[in-house]
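# Observations on chain architecture
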Amino acid sequence: MNIHSTALRGVAIVATQPFADRRGAFSRFFCKDELAAIIGNRDIVQINHSRTSMVGAVRGLHYQLPPHAEMKLVRCIRGRVWDVAVDLRAGSPTFLHWHAEELTPDNARMLVIPEGCAHGFQVLEAESELLYLHTAYYTPAAEGGLRHDEPRLGIAWPLPVADLSARDRHHPPLNADYSGMTV
Ligand SMILES: Cc1cn([C@H]2C[C@H](O)[C@@H](COP(=O)(O)OP(=O)(O)O[C@H]3O[C@H](C)C(=O)[C@H](O)[C@H]3O)O2)c(=O)[nH]c1=O
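Described below are features of the structure shown in this document. (Residues numbered from 1 in each chain as written. Predicted model: local features only at pLDDT ≥ 70, side-chain atom pairs only at ≥ 80, totals over all residues. Heavy atoms only, no water.)

### So, the overall build of the protein chain
- When helices and strands are tallied, the protein chain shows two helices and 13 strands.
- Taken over C-alpha atoms, the radius of gyration comes to 16 Å for the protein chain, in line with the 16 Å a tight globule of 183 residues would show.
- Expressed as lengths along the three principal axes of its C-alpha atoms, the size of the protein chain is roughly 55 × 35 × 30 Å.
- Taken over 183 residues, the protein chain has a buried fraction of 48%. (Helix = DSSP H or I, 4+ residues; strand = E, 2+ residues; numbered from the N terminus. Rg over C-alpha atoms; globule rule 2.2 N^0.38 Å. Buried < 20%, exposed > 50% of the residue type's maximum accessible area, 1.4 Å probe, protein only.)

Below is the structure:
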């Protein structure tokens, strides 16, 4: 598993090389030892799965506030998604900057979204499926969200946004004095 950093501290791309033979392919999805440089002493405590039907649909942008802030490792197991991490860390030199990565089963990439970053994605192929590895338990009271069209982010979604959950339609815009979270 090769780890590639991005402009956002801790946001990383894990590249894996599937073992292919005449039967098909085998991939290592996760390895705490190989990913020790980014996982540290965190544990994966919850694994979630989503399927999104409509091309252009966006899920997110979501995060959990401290003390329930979480690292998420996201992999596309069907279809094609444009996956986004947003830096919400107070004092970060890349505060409110975002990084996007196209994830597919074929490119076998996994995006690592550390604590203090929001996560969202847009579906580029119908019926795309994602697997999310979480280092903190789902805690609704600690959940936060950003609008996909938040002016202070300027995320350049590749397609017109075709579908959003009611919750994601109603995230409030960021205040002008929003300074982020300390994680
Ligand atoms: C995360 C979670 C959610 N839920 C319930 C809460 C809702 O009733 C339902 C759907 O949750 P939500 O609307 O938050 O799901 P998405 O909008 O698809 O959010 C997902 O996609 C974005 C991009 C993410 O980064 C989130 O981590 C991930 O949950 O599942 C649970 O019961 N357990 C859980 O662990």
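Let's pick the thread back up.
### Considering the environment of L35
- Tracing the backbone through its elements, the reader meets L35 in the loop between β4 (24-26) and α1 (36-39).
- With relative accessibility at 0%, the residue L35 sits in the buried group.
- Sequence separation of L35 and R80 is 45 residues, and the distance between their C-alpha atoms is 24 Å.

### Notes on the nonpolar core
- Counting residues in each nonpolar core, the largest one holds 18 residues, and the members touching the most others are L61, V86, L88, L146 and I155.
- Apart from the residues lying within four places of it in its own chain, the contact partners of V86 are L61, L96, H97, W98, G116, C117, A118, L146, L153 and I155. (Core = buried A, V, L, I, M, F, W, Y, C linked by side-chain atoms within 4.5 Å. Contact = heavy atoms within 4.5 Å.)

### A look at unusual backbone geometry
- Cis geometry marks the peptide bond from G60 to L61; its omega dihedral reads 10 degrees.
- Within the secondary structure, L61 sits in strand β6 (residues 58-64).
- Between P66 and P67 the backbone carries a cis peptide bond, its omega angle lying at 5 degrees.
- Of note, P67 is situated in the loop between β6 and β7 (72-78).
- Phi at A108 takes a positive value of approximately 50 degrees, unusual for a residue other than glycine.

### A few points about the environment of Y63
- Take Y63: it is sitting in strand β6.
- As a C-alpha pair, Y63 and L111 span 48 residues in sequence and 15 Å in three-dimensional space.
- Sequence-distant contacts of Y63, defined by excluding residues within four places in its chain, comprise L88, C117, A118, A142, E143, G144, G145, L146 and M181.

### Things to note about the pattern of salt bridges
- Using the criterion set out here, one finds 14 salt bridges in the structure.
- The shortest N-O distance in the salt bridge between E115 and R42 comes to 2.7 Å. One end of the pair, E115, is in the loop between β10 (109-113) and β11 (117-123); the other, R42, is in the loop between α1 and β5 (46-52), and 73 residues separate them in sequence.
- The exposure class of E115 is buried, given its relative accessible area of 17%.
- For R42, a relative accessible area of 26% corresponds to the partly exposed category.
- Through salt bridges that share partners, R80, E102 and E125 make up one connected network. (Salt bridge = Lys/Arg side-chain N within 4 Å of Asp/Glu carboxyl O.)

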